[in-house]
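Each chain, letter by letter, is given below.
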Amino acid sequence: MKDKNEKLWLVRNGNSSASVLPALMRINPTTNSIDTTFIFSSYTDVPLRLRINGNGDKLIFLKNDVFEMSIQAPALPANPIITQGTKNFYALGIDPFSNEIYLGDAIDYNQNGTVMRYNTNGSFHSSFKCGLI
């Protein structure tokens, strides 16, 4: 993902046999160097579906719950903006114009799922049914 400052963001998966924890990293494409690394606390603490908002200034990712983080943040976010609860969050999308958050609930992988739409502050907006994952 490219932010408003033309920096690239990526997720590094962990590797327990190499003692490497998962991380969120920012790369400076001008120097081809990693200029920021945020390390997650365990090998199973891997963020999924990294996205960036339309303004290019906030990262959004799944880690069971939905987390949002400024590209200028000094640390990983401690609290989610949307909690998963009994849902099974699988897909994440950000509308590049409104910055609304779309989440796919796979339910049980055997029945049609649901797509939920949330406002930028994490409050529920609406939902609709979709097909099987």
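Residues numbered from 1 in each chain as written. Predicted model: local features only at pLDDT ≥ 70, side-chain atom pairs only at ≥ 80, totals over all residues. Heavy atoms only, no water.

Draft legend 1. Region of interest: the overall build of the protein chain. Helix and strand content of the protein chain: 0 helices and 10 strands. Each helix and strand of the protein chain, placed in order from N terminus to C terminus, yields the pattern β-β-β-β-β-β-β-β-β-β. For 133 residues, the compact-globule estimate of 2.2 N^0.38 gives 14 Å, and the protein chain sits close to it at 16 Å. A total of 133 residues make up the protein chain; the buried ones form 35% of that total. Taking as baseline every contact in the protein chain between residues at least 6 positions apart, the subset at least 24 positions apart corresponds to 26%. Total accessible area on the protein chain stands at roughly 7,500 Å², and carbon and sulfur atoms take up 49% of it. Positive and negative side-chain charges in the protein chain, numbering 12 and 11 respectively, have mean positions lying 2 Å apart. (Helix = DSSP H or I, 4+ residues; strand = E, 2+ residues; numbered from the N terminus. Rg over C-alpha atoms; globule rule 2.2 N^0.38 Å. Buried < 20%, exposed > 50% of the residue type's maximum accessible area, 1.4 Å probe, protein only. Contact = heavy atoms within 4.5 Å. Areas by Shrake-Rupley, 256 points an atom, 1.4 Å probe, with all protein chains shown as cover. Lys, Arg positive; Asp, Glu negative; His and termini not counted. Charge placed at Lys NZ, Arg CZ, Asp CG, Glu CD.)

Draft legend 2. Structural view of a nonpolar patch on the surface. A cluster of nonpolar side chains, contributed by Tyr90, Tyr109 and Ile133, occupies part of the molecular surface with about 300 Å² of accessible area. Counting through the fold element by element, Tyr90 comes out in strand β7 (residues 89-94). In this structure Tyr90 comes out as partly exposed when scored by relative accessible area, which is 37%. (Patch = residues over 30% accessible without salt bridge, like charges linked within 9 Å, V, L, I, M, F, W, Y side chains within 5 Å. Salt bridge = Lys/Arg side-chain N within 4 Å of Asp/Glu carboxyl O.)

Draft legend 3. Region of the structure containing the side chain of Thr114. Positionally, Thr114 belongs in strand β9 (residues 114-118). Of the polar contacts made by the side chain of Thr114, one reaches the side chain of Lys129; its length is 3.4 Å. (Polar contact = N/O pair within 3.5 Å; in protein donor to acceptor, adjacent residues only side chain to side chain.)

Any functional reading would require information that these geometric values do not contain.
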